[in-house]
Amino acid sequence: TGHYLTVKDNQVVSIHPSSVLDQKPPWLVFEEFVLTSKNFVRTVTSVRAEWLAEIAPHYFDLSNFPECEAKTELESVFRRMAGAAARGK
């Protein structure tokens, strides 16, 4: 199912083989970080970046983010959300 980078610390992780996700969604949240010979995340669900930014803007405060792909994507999400809000949607 591919690899992911954790948002805040850029650790490379894979979805644990016991997961029922059979595709690689762009964003996911996880409940467990499992360290074996490889870093895995378990108890995962697919989410949209917009949901994360809307629900927990304090956690996704970009001034505290390292330069990474997630920050670039979140900057785009926040711009789209600001544009939508300005248009009254």
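Conventions adopted
- Residues numbered from 1 in each chain as written.
- Predicted model: local features only at pLDDT ≥ 70, side-chain atom pairs only at ≥ 80, totals over all residues.
- Heavy atoms only, no water.
- Salt bridge = Lys/Arg side-chain N within 4 Å of Asp/Glu carboxyl O.
- Buried < 20%, exposed > 50% of the residue type's maximum accessible area, 1.4 Å probe, protein only.
- Helix = DSSP H or I, 4+ residues; strand = E, 2+ residues; numbered from the N terminus.
- 1 Å grid on protein atoms, 1.4 Å probe; cavity = no way out; pocket = protein on both sides within 12 Å on 5 of 7 lines; lining within 4 Å.
- Points joined across faces, edges and corners; volume = space filled by probe spheres on them.
- Nonpolar A, V, L, I, M, F, W, Y, C, P; charged D, E, K, R; others polar.

*Asks:* Help me understand the pattern of salt bridges, please; the structure alone is not making it clear to me.
*Replies:* Following the criterion strictly, the structure yields four salt bridges and no others. As a salt-bridge pair, Arg48 and Glu50 come within 3.6 Å of each other at their nearest N and O atoms. For Arg48, a relative accessible area of 45% corresponds to the partly exposed category. Ionic pairing is found between Glu50 and Arg80, a salt bridge with its closest N-O pair at 2.7 Å. Highlighted residues: Glu50 in helix 1 (residues 49–55) and Arg80 in helix 2 (residues 69–86), separated in sequence by 30 residues. Classification of Arg80 by relative accessible area gives partly exposed; the value is 45%. Connected via shared salt-bridge partners are Arg48, Glu50 and Arg80.

*Asks:* I keep staring at the layout of surface pockets and nothing clicks. Help me out?
*Replies:* Unoccupied space between atoms shows up once a probe the size of one water molecule is rolled over them. Estimated volume of the largest pocket: approximately 520 Å³. Forming the walls of the largest pocket are 23 residues, and the residues nearest its centre are Leu5, Thr6, Val7, Trp27 and Leu28. Breaking the lining of the largest pocket down by element, the ones donating at least two residues are strand 1 (3–5), strand 3 (27–35) and helix 2. Among the elements that line the lining of the largest pocket, the one with the most residues is strand 3, at four residues. Taken together, the residues that form the lining of the largest pocket break down as 15 nonpolar, three polar and five charged.

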